[in-house]
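Spelled out from the first residue to the last, the chains are:
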Number of protein chains: 6
Amino acid sequence: MYFLDKCLQYPVKVETPDPLFARQLQQAIGGVEGEIRVCLQYFFQGWGARGPNTKYRDMLLHTATEEIGHIEMLATAVAMNLEEAPLTLQEAAAEANPVVNAVMGGERPRHVVEGMLQRHLLSTGLAAMPTNSDGVPFDCSHIYASGNLAADMFANVAAESTGRTLAVRLYNATKDPGMKDMLSFLIARDTMHQQQWLAVVEELGGFQGALPIPNSFDQSLEKTEFSYAYFGHDKDGAPPPTGRFTDGPSLDGKGQFSALQSDPMGQESVRGPAREGSGAQREQM
Amino acid sequence: MYFLDKCLQYPVKVETPDPLFARQLQQAIGGVEGEIRVCLQYFFQGWGARGPNTKYRDMLLHTATEEIGHIEMLATAVAMNLEEAPLTLQEAAAEANPVVNAVMGGERPRHVVEGMLQRHLLSTGLAAMPTNSDGVPFDCSHIYASGNLAADMFANVAAESTGRTLAVRLYNATKDPGMKDMLSFLIARDTMHQQQWLAVVEELGGFQGALPIPNSFDQSLEKTEFSYAYFGHDKDGAPPPTGRFTDGPSLDGKGQFSALQSDPMGQESVRGPAREGSGAQREQM
Amino acid sequence: MYFLDKCLQYPVKVETPDPLFARQLQQAIGGVEGEIRVCLQYFFQGWGARGPNTKYRDMLLHTATEEIGHIEMLATAVAMNLEEAPLTLQEAAAEANPVVNAVMGGERPRHVVEGMLQRHLLSTGLAAMPTNSDGVPFDCSHIYASGNLAADMFANVAAESTGRTLAVRLYNATKDPGMKDMLSFLIARDTMHQQQWLAVVEELGGFQGALPIPNSFDQSLEKTEFSYAYFGHDKDGAPPPTGRFTDGPSLDGKGQFSALQSDPMGQESVRGPAREGSGAQREQM
Amino acid sequence: MYFLDKCLQYPVKVETPDPLFARQLQQAIGGVEGEIRVCLQYFFQGWGARGPNTKYRDMLLHTATEEIGHIEMLATAVAMNLEEAPLTLQEAAAEANPVVNAVMGGERPRHVVEGMLQRHLLSTGLAAMPTNSDGVPFDCSHIYASGNLAADMFANVAAESTGRTLAVRLYNATKDPGMKDMLSFLIARDTMHQQQWLAVVEELGGFQGALPIPNSFDQSLEKTEFSYAYFGHDKDGAPPPTGRFTDGPSLDGKGQFSALQSDPMGQESVRGPAREGSGAQREQM
Amino acid sequence: MYFLDKCLQYPVKVETPDPLFARQLQQAIGGVEGEIRVCLQYFFQGWGARGPNTKYRDMLLHTATEEIGHIEMLATAVAMNLEEAPLTLQEAAAEANPVVNAVMGGERPRHVVEGMLQRHLLSTGLAAMPTNSDGVPFDCSHIYASGNLAADMFANVAAESTGRTLAVRLYNATKDPGMKDMLSFLIARDTMHQQQWLAVVEELGGFQGALPIPNSFDQSLEKTEFSYAYFGHDKDGAPPPTGRFTDGPSLDGKGQFSALQSDPMGQESVRGPAREGSGAQREQM
Amino acid sequence: MYFLDKCLQYPVKVETPDPLFARQLQQAIGGVEGEIRVCLQYFFQGWGARGPNTKYRDMLLHTATEEIGHIEMLATAVAMNLEEAPLTLQEAAAEANPVVNAVMGGERPRHVVEGMLQRHLLSTGLAAMPTNSDGVPFDCSHIYASGNLAADMFANVAAESTGRTLAVRLYNATKDPGMKDMLSFLIARDTMHQQQWLAVVEELGGFQGALPIPNSFDQSLEKTEFSYAYFGHDKDGAPPPTGRFTDGPSLDGKGQFSALQSDPMGQESVRGPAREGSGAQREQM
C-alpha cells in the first residue's frame, strides 16, 4: 500500500509561464514516452511478478512509486505554465498587439491561444490532463507487462530511452531556467532507469543467458536454420545491407549470423467457397 | 516501392480447424505483440531514417517487408481455423450434443461459439481481422519511431521479445502439427530479429557508446548526482532491494551505482486562486 | 429539432431469451456496421450540408431520425434477451447441470455466462450498451461526413451493405421467431437505404456525371496517363489479373482501362543528417 | 511525492481460483467504474487544485493514494484467481472431462478457457492487466478534472456510485469467502467515498450554495425563462411525465419548476453553396 | 420512435465567423462534457430502464430527444463559424498581412489556419465533426448507463455540471452576440438539467433514502468499521485534513464520520513460481 | 510474400519545406481517408477472400502492394517538409521576427511551431507518424473486410472517394510545385481505384445483379412492403422530400420506390422490475 508526503520530489519553478510549453510538457505526462506509462507499467509488472525471488517485484514497485512523483512534478509544471494563459480570444488578441507585447518585453510567445491545447482552456481550468501534447488521452494498452521478466526489462529500457529522448527535446525547447532545472533532474533519473533495467538483464545472464526471450522454450523446436539469418527482400535479389547482423557469432552465442535472399517456401493460399448462410455474395459460393 | 509473389513465405497448414485457436492467433496479428505492429514500426523507422548511413534504413525496410508476409501467413491460418466454425447457435448446439461430438472423435472443443470472437461470425465471414484476441482493434499509437536510432533498436528488441513470448504461448496452446510447424518458423524469425536489433546496438558502440540514450545530450547538463542512484521509497526508510543496479560501475561505464533513500527536495505545490471567468466555483477564487 | 412517440417503430418480441444472442445483437447497435453509426453519419451529413438544394439535407435528416428508432428497437431486443441471464457463476453452474437443463427442454444454450459480454452482467444491469459484440465501444471516427455529397453517398451505400450483411447473419444465427420478425423488418429497411443513396448518385449524373469524385477538380491537372491503368506489382513482372478493370471504356466514360506493370519512377529517398539538438544519436548527425 | 509499504491495505485470499472471476475482477481494475479511474481522477483533481484553501487538494491526494492500494489488491486477486488456469486447449479439454471434473468436486466452472480473457493466457503470463472485463484497455479520457470543485465532486460521487454497484455485483457473483471478504472491504470504502465527496458539496453551501455549477457565472446572463422548465418532446404534444422536477421550488432555491411543451424557436438551418476549391461536388456549388 | 421539425430549437446566429471558435465549439459537440454524450447517455438509460414505474424512462427519453436538437444547434454554429475559413495556406498568409487585416477592421483572429482543426479543412468541407476541440473523436465508453437509477442520476448531474462549466467558458471566450445568445440558452438548459436529475434523487428518498448506492445491498455485509472513516495516508502519520467528512453524522444518516491513519492490514503479496510452458524466463520458475 | 525496390514509385520533391503542410499531409497517411487504411483494407480483403475465383484476391493484393508505396511517398514528403522546422520556441520566435522573416522572403509561414503537430517536434525527430493531421493515431477498426465481395467493393469506392477528395484539398492547399506534382499522381491513382472497384460491381452483375447486398439472402424473407419505401419522419406529417428515391423502379429492378409517412407499428417498450441481486436501487425492483 502507499503513502504520500506533501512536498515534491524535486523543486518545480517557472520563471516565465508559457502555455505552449505547457502543451509540450503534456507529452511527458500522457504521451507514450511519458510518466503515466512507466508508472503503471512498473506497477503492473511488479504486481504480477512470479518466481522465487521477490527482489524484482520490490525493485519495480519502488521505482513505480517514484514515478507517481514525476507525474506530480510535471502536472505542477503544466499548471504553472498556464498561469497567464488567455481565457478568451479577446485577451489573446490584446496580447498579440505589438504595443502591448512590447510593454511585456517582447519575449512572450504571441497568438498562444491558437497553439494551446484547447482543452487546457475548456476542460481543465488551466491544469494538466492525462493526454499527450496533441490532446490524445493516454490509453493503457501501452502498459507492457508480459509475464516474462527479460521481455519486460527490454520494454522498460525502450520506455526510458524514448522518455529521455523526449526530456532532452523539452530541455532544448525551453529557455526557462526553472524548467531546465526540473528537466535536468528528470533526465538524470531516466539515465539511471535505462541502466537499472539493463543491470537486471545482466543479472539474468546477459545476452547469452537471457536470449532468446523467452529462454524457457526448447530451441530445438524452432526452425533453427532461420534463427540467425538476415533475410533480404530485394525484388531483384540484390544483396541486403551487411553488418554485425549478417556476420560473426550471434549475440546469444548460440549461432552464426548469415544473410539469405528470402524466397517463397509456402503454397499459394486458396480458400474454398463461402458457405451458404455466411452472408457472402452468391458468386463467392 | 513494393512487390508481391503469390506464394506464402512458409507453408501454412491446419489439420483440425479450431475457431478458438483462430481467436488466439489474432493476438499475433493485431495485438501489441503482433505482426502489424512490427511491420509498421520498421516501415516508419525506415522511412524517417536520417543520417549519413543508409544501411539502417535499408535493413529496416527489408525486415518490414518480411513482416507483411508474416501477417499474411497468420491471416491465412486464422481463415483456415475458422473453416468449420458454426454459423448459428443451432449448429453450435448440435455440436455440443455428446453423441454428435463422439462421432467427431470427442476431441473437438465444444461450445466454441461462446468462446469465439463474435466478429469472426458477424463481421468478416470467417476471416482474420486487424484486432487482438479479445477483439480490440490495433491502434497505431504503438508504432514507435522516435528519430533516435538506439531508442528504436531497444523498442524493436522489446517488440520481438514479447512477440516471441506470444508465439511460444501459441505453440504450447495448440497440438495441431501444421500450426506447430508454422509457429516454429515464426519463433525462429523472432529469435533472429531480437539478435538483429541488438547487433545494431553493438555497432553503435554497445552499452558504453550508445548509452545513455540519446548520447548526443551533454551529460554535464543533467543532475549527475542522481544519474546512477537507485531510489528506495519505503515509507519507513527500510533499505530497498540490492543487486547489480545498486553496486559497481554502471553499464555505460560513466558512473557508479548506489542506493539512496528518496526524500522530498521540492516545495509543497500551491497554486493561486482560480481566475475570474475561468469557470471555477466562486469559493476557489 | 426532434420529437418522440412512446411506441416502437416495429414490434420487438423475444420468445426465448438468449444472452449470447444479446451479445451478437450488440454488433448491430455499436459495431461499425451498426445503427449508431448510420444514425450519426446521416445527421452529421445533413447538418453540414451545403448547396442550393436543401432536398438532400432533408432526405438525410429524415432517415437519420428513423435510425434512432432502430437503435431503440435493438436496445429493447438486447434487454429482452438478457431477461433470464445468470447473475452469478452459481446460477450459471446450476443451469449447466444436465438435469436442470433437461427440464428446461435441453435447448437452452449452456454455459452462457462464459460467452456473455461480462459488462452485460457487471456494468449495465442487463441492458444494451453502445459497444460492439466483443465489447469495444463505438467511436465516432466512423462517422463519415466529407462535405462531398457523392463521396458521402458511397459511404452510406457501404454502411448499409455491411449493415444488411450483418442483419442477415443475425437472422441466420437465431431461430427465435420474434427476433427473426424484427430482423426481417430491419433487413428490408437496409434494402431501401442501399437503393436510396444510389438513387442520389443517379440524380447527380450517375457514374458518368459524378465520377471521379470530387467532380469539381479539373481533371487535366492530374497525371491522366495513370488515371485508368491497373498496376501489376508482381515481383517477376507476371501479368496481373484481367477483367472489366483492365479493358474497355472506364465507367465514367472519360478514359480506357489498361493494365501496366508498375515500376519505380521516383528517386531513392535519402534524408540529410539529423540536426543538432533533435534528440538523435550522435551517429545520426 | 510517494512511498510504499510492502503489505497490502487489506488481506486478499482466494480459496478456489476461478479464471472467469479473474476476468470479471478486471472490470474493477480497468473498467470505467474501476480503481485506475478514481485513482488518477483524484490525483489530477488534486494536482490541479486552485484556490486559497489547500484542504481539498490534500483530501483528494490522500484518497488517491489509498486507491493505488486498491488497484494493488485487485491485481493480486486477479493473479490468484488465475493460478490454476489452463495454459492450453488440451488442459482445458481434460478438465472438461466429466470424470476429471467429478474428482475436482464438480464445482469448478468448466470450459473456462472459452470464457477467459485470452490475453490473460497470451499477454500477461496469468496476471492482471489495465483493461476491463471484456479486454478493452482503460483510456484516460475518463479522468474528469474540470477545474470546478463542485463539478468534480459530483463526478466523484458518480464514479463511486457506479464503483460500489460494480463491487456489489462482483460480491454477488462469487461464493469464494476470501473474495467476498475483500469485496466487503472495498464496498465499505466506496460507501465512505460517496459520502466524502457529498460532504464537500455540503461545505460548499449544499445545493443552494453550489448550484447551478459553476456558481461563478452571473445567472442573469442566462435565458432564465428556460432555467427551471422541463421540456416535453412528445410528437403530438401529449404532456410529459410529472414529478418533483416539474413542480415546486427548484433545489437551488432560485426558481420554480414547471413543464413546457418544446416547440421550435429557431430558424431552418440553411447553408450557402460550397466554395470553389473545397472539394465538394460541382452540384453543391 | 422519433420525429423531426425542420427548424432549430433556438436561433443560431453568427455575426463574425471565427474558425478558432468553431474549433472550441467542437468540445460541446464531441467532448466528454458535450451533447453527444448526454444525448446517448439519456437514451441508453431510458431504453434500459427497469422497474414498475415508467416515469423515469419517459423523463429520460424526452430529455434525450431535446439533446439531439442541441447537437444540431452546435453543428450549425460550427458550420457558420467556418464560413470564411481559409482553404489554403496562401489565403491564410494574405489574411495575416497587416494591411489586409487592417482593412478587415483588425479584429479578425490572424493565422487561424494554424489554430484550426486541420480536419475542418481536410475532412469535412468546413462543417462540424463528432470530435472534441483537439480533434479526438467521441467514444461511447463515456455513455454511463449502469442499471442503477440513483447512480445514473449522479452521473447525469456530473455530465451537466461539466457541461455548464464548458458552456460558460465558451460564453466567456467569444464576444459574438449571436454566439453569446445561443450559449445563454444552452446554459439555462444545463441549469435545468442539473436540477432535474437531483430532483429524482429527492424522489428516491434523498441522500438518506438513496445512499449508499446501490441501496439494495444489505449493508451489514460490508466492513462497516470502515464505511464512514476518512483514511489519512501521510508517510509520517501526520493527521489528514479535517472537515465535514471527518466529523458528525454521515449524510445518509447511517454512521458517524471519523478520521483514521491508514495502516496495512494485509499480507505481503507473494506469488508462486511461473508455470512450465507459461512463457516466462527459466529464472522465474 | 513481399519484396521491395529502393526507389519510390513516383518522385517526391519539396521546394519550400513547410511544417504546417507536413501536418496536413498526415491526414493522407493516418487519417480515415488515408493510405494506411486502404493498404490494410485491401490486404485483409485479399487474405480473407473466398470463392472459386481467385481473380479478386489477386487484384486486391496487387493494389494493396501499390498502396504501401503511397504511404512511403507521403512519409517521405512529411520528412522533407519538416526539414527546416524550428526545434525550439526560440527558433520559432526568431523566425516570427518581421526583419528575419523579410530576409527569408516573407513567404515562409510564421509561428509554425504553434500550428505544428507537437509530436513532430517531440516524438519523431521530424518524421512522419501513423496519425491523422490532428495527431490522432490510425486505428484498425477502419479496415472494412466484410466477407461480402460487393459490400467490400462499395467500401473501397467510399474510401477512394474520400481519399481523392482529401488529395484534391491538399493539392489546393499548397503551392509548392513538387508537392503539387506528387499529388497529381496520387489523385490519378485514386481516379483509377474508384473505377476499379466499380468495375468489379459491374462484373458481379451491376446494381441489378449485386443488389440488395448480400444477394444470397432470400428476399422473400424480408418485409418487402418496406423494402423500397422512403420514410418521412416529419412531426406533423408534412411530406418528405421527393426525388428518384421516391419514384420509379428501384435500381435493382426488384421493386418500385414510394414515399410513406412513418408511424409506430410497435408496442411501448416496458421492462419488468430489476432482479434481486442485480445492483439496482430497491425502488426499481
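Anyway, here's the lowdown on the structure attached to this text.

Rules and cut-offs
- Residues numbered from 1 in each chain as written.
- Chains lettered and ligands numbered in written order.
- Predicted model: local features only at pLDDT ≥ 70, side-chain atom pairs only at ≥ 80, totals over all residues.
- Heavy atoms only, no water.
- Buried < 20%, exposed > 50% of the residue type's maximum accessible area, 1.4 Å probe, protein only.
- Helix = DSSP H or I, 4+ residues; strand = E, 2+ residues; numbered from the N terminus.
- Pairing = 2+ DSSP bridges.
- Expected span 1.5 Å × (residues − 1).
- Polar contact = N/O pair within 3.5 Å; in protein donor to acceptor, adjacent residues only side chain to side chain.
- Least-squares fit on C-alpha atoms with pLDDT ≥ 70 in both.
- Contact = heavy atoms within 4.5 Å.
- Axes fitted to C-alpha atoms, helices over the stretch in contact; angles between N-to-C directions.
- Parallel < 35°, antiparallel > 145°, perpendicular 65-115°, else oblique.
- Left-handed = near helix turned anticlockwise from the far one by under 90°.
- Nonpolar A, V, L, I, M, F, W, Y, C, P; charged D, E, K, R; others polar.
- Salt bridge = Lys/Arg side-chain N within 4 Å of Asp/Glu carboxyl O.
- Buried area = accessible area lost by both parts, 1.4 Å probe.

Residue and element names in this part refer to chain E. Burial along strand S2 (residues 229-232) is two-sided: the face carrying Ala229 and Phe231 and the face carrying Tyr230 and Gly232 are both buried. Bridge count between S2 and strand S3 (residues 258-261): four bridges; the pairing is parallel. Across the sheet, the residue bridging to Phe231 is Leu260, located in S3.

The phi torsion of most residues other than glycine is negative, and most of the peptide bonds are trans. Here the amide bond leading from Leu211 of chain C into Pro212 of chain C is cis, since omega sits at -15°, within 30 degrees of zero. Position of Pro212 of chain C among the secondary structure elements: in the loop between helix H10 (206-210) and strand S2 (229-232). Phi at Leu126 of chain A takes a positive value of approximately 70°, unusual for a residue other than glycine. One can find Leu126 of chain A in the loop between helix H7 (118-122) and helix H8 (149-173).

Another point: helix H8 (residues 149-173) of chain F. Residue and element names in this part refer to chain F. For H8, built from 25 residues, the straight-helix expectation of 36 Å at 1.5 Å per residue is met to within 8% by its first-to-last C-alpha distance of 36 Å. In terms of burial, H8 is a largely internal element, 24 of the 25 residues being buried. A distance of 3.0 Å separates the backbone nitrogen of Ala150 from a side-chain oxygen at the start of H8, and that oxygen is part of Asn148.

Note on the identical chains: chain C maps onto chain F by a rotation of 180° and an axial translation of 0.0 Å, with an RMSD of 0.0 Å. Between the two chains, the operation in question is that of a two-fold axis. Interface overlap between copies: 100% of the residues of chain C at the interface are likewise at the interface in chain F, consistent with a symmetric, same-surface contact.

This paragraph deals with the packing of helix H2 (residues 35-47) of chain B against helix H8 (residues 149-173) of chain B. Residue and element names in this part refer to chain B. In the contact formed by H2 and H8, the axes pass within 11 Å of each other and the chain directions differ by 170°. Classed by the angle they form, the pair H2 and H8 counts as roughly antiparallel. Between H2 and H8 the crossing geometry is left-handed. Contact with H2, carried on its side by Arg37, Val38, Gln41, Tyr42 and Gln45, involves Asp152, Met153, Ala155, Asn156, Ala159 and Glu160 of H8 and no other residues of that element. The class makeup of the residues in the contact of H2 with H8 is five nonpolar, three polar and three charged.

Here the focus is the pattern of salt bridges. Applying the stated criterion across every chain yields a total of 72 salt bridges over all chains. A salt bridge links Arg57 of chain C to Glu268 of chain D, with the shortest nitrogen-to-oxygen separation between them at 2.4 Å. Residue Arg57 of chain C is found in helix H3 (residues 55-81), and its partner Glu268 of chain D is found in the segment after strand S3 (258-261); the two belong to separate chains. Taking the relative accessible area as the measure of exposure, Arg57 of chain C reaches 7% and is therefore buried.

The subject of this paragraph is the interface of chain A and chain C. Facing the eight residues of chain A at the interface are eight residues of chain C. Roughly 700 Å² is buried in total at the junction of chain A and chain C, and carbon and sulfur atoms are behind 41% of that figure. On inspection of chain A and its partner chain C, the count reaches zero salt bridges. Of the residues contributing to the side of chain A that touches chain C, the split by class is no nonpolar, five polar and three charged.

Functional significance is not addressed by these values, which are geometric in nature.
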